[in-house]
Amino acid sequence: TRAAGGAAGGESFLVRLALALGKAIDAKMDEQLKIAGEIDEAKNAAKDGDKGADSQITQQGAKLTALGQEITILSNALNTALKSIGESVSTLARKQ
């Protein structure tokens, strides 16, 4: 089937889905790295006496936590979707 084996010479739907969700997860992880760097910079600024840095650390920490949850949601969605579609395709193949 197209879902399992893909079109001639192309990737299967499952592979394309996994790649698309994987790219979304990668983008969120890149964003996490950026924010982690900003937290590190703010910590250094706080050490140098910048009084606004503490507030920035708190705000960026909250963003980092939220992104972590988004990554978890996307990862779970990826796993669930691939499993469900794979099992459905397998069931259809057995019935033919």
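This section reports on the structure supplied with the text. Only a predicted model underlies this, so the values are computations on that prediction, with no experimental measurement involved.

## Describing the overall build of the protein chain
Next up, step 1: The helix and strand inventory of the protein chain stands at three helices and zero strands.
Next up, step 2: Starting at the N terminus, the α and β elements of the protein chain follow one another as α-α-α.
Next up, step 3: Relative to its length of 96 residues, the protein chain is extended, with a C-alpha radius of gyration of 21 Å against a globular reference of 12 Å.
Next up, step 4: Within the protein chain, the fraction of its 96 residues that count as buried is 16%.
Next up, step 5: Taking contacts inside the protein chain between residues at least 6 apart in sequence as the whole, the part at least 24 apart equals 64%.
Next up, step 6: Total accessible area computed for the protein chain in this model is approximately 6,700 Å², and 56% of it derives from carbon and sulfur atoms.
Next up, step 7: Across the protein chain, the 12 positively charged side chains and the 12 negatively charged ones have centroids separated by 12 Å.

## Concerning the packing of helix H2 (residues 13-47) against helix H3 (residues 53-95)
For any two helices packed against each other, the geometry is given by the interaxial angle and the distance between the axes.
Next up, step 1: The N-to-C vectors of H2 and H3 enclose an angle of 165 degrees; their axes lie 9 Å apart at closest approach. Relative to H3, the element H2 is oriented roughly antiparallel. For the pair H2 and H3, the crossing hand works out as left-handed.
Next up, step 2: Residues that form the contact of H2 with H3 fall into these classes: 25 nonpolar, seven polar and seven charged.

## Observations concerning the environment of Lys83
Next up, step 1: Of note, Lys83 is situated in helix H3.
Next up, step 2: Since its relative accessible area comes to 54%, Lys83 is described here as exposed.
Next up, step 3: When the C-alpha atoms of Lys83 and Gly52 are compared, they prove to be 47 Å apart, with 31 residues separating the residues in sequence.

## A closer look at the pattern of salt bridges
Between side chains of opposite charge, a pair can form as their charged atoms come close.
Next up, step 1: All told, the structure shown has three salt bridges when counted by the stated rule.
Next up, step 2: Among the salt bridges present, the one from Lys34 reaches Glu38, with a minimum N-O distance of 3.7 Å. Of this pair, Lys34 and Glu38 are both found in helix H2, four residues apart, which corresponds to roughly one turn of the helix.
Next up, step 3: Judged by relative accessible area, Glu38 falls into the partly exposed class, the value being 22%.

## Let's talk about the side chain of Ser12
Next up, step 1: Mapping Ser12 onto the fold places it in the loop between helix H1 (2-5) and H2.
Next up, step 2: The exposure class assigned to Ser12 is buried, which follows from its relative accessible area of 8%.
Next up, step 3: Polar contacts involving the side chain of Ser12 include one to the main-chain amide nitrogen of Val15, which spans 3.1 Å.

## A short note on the nonpolar core
Next up, step 1: Judged by nonpolar contacts, Leu21, Ile25, Ile71, Leu74 and Leu78 together constitute the single largest core of five residues.
Next up, step 2: Broken down by secondary-structure element, the contributors of at least two residues to this core are H2 and H3.
Next up, step 3: For this core, the leading source of residues is H3, giving three residues.
Next up, step 4: Not counting the four nearest positions on each side in its chain, Ile71 is found in contact with Ile25, Lys28, Met29 and Gln32.

## Description of H3
Next up, step 1: Spanning 43 residues, H3 covers 63 Å between terminal C-alpha atoms, matching the ideal 63 Å at 1.5 Å per step.
Next up, step 2: Every buried residue belonging to H3 is among Ala53, Gln60, Leu67, Ile71, Leu74, Leu78 and Val89, and all of these are buried.

What counts as what
- Residues numbered from 1 in each chain as written.
- Predicted model: local features only at pLDDT ≥ 70, side-chain atom pairs only at ≥ 80, totals over all residues.
- Heavy atoms only, no water.
- Helix = DSSP H or I, 4+ residues; strand = E, 2+ residues; numbered from the N terminus.
- Rg over C-alpha atoms; globule rule 2.2 N^0.38 Å.
- Buried < 20%, exposed > 50% of the residue type's maximum accessible area, 1.4 Å probe, protein only.
- Contact = heavy atoms within 4.5 Å.
- Areas by Shrake-Rupley, 256 points an atom, 1.4 Å probe, with all protein chains shown as cover.
- Lys, Arg positive; Asp, Glu negative; His and termini not counted.
- Charge placed at Lys NZ, Arg CZ, Asp CG, Glu CD.
- Axes fitted to C-alpha atoms, helices over the stretch in contact; angles between N-to-C directions.
- Parallel < 35°, antiparallel > 145°, perpendicular 65-115°, else oblique.
- Left-handed = near helix turned anticlockwise from the far one by under 90°.
- Nonpolar A, V, L, I, M, F, W, Y, C, P; charged D, E, K, R; others polar.
- Salt bridge = Lys/Arg side-chain N within 4 Å of Asp/Glu carboxyl O.
- Polar contact = N/O pair within 3.5 Å; in protein donor to acceptor, adjacent residues only side chain to side chain.
- Core = buried A, V, L, I, M, F, W, Y, C linked by side-chain atoms within 4.5 Å.
- Expected span 1.5 Å × (residues − 1).

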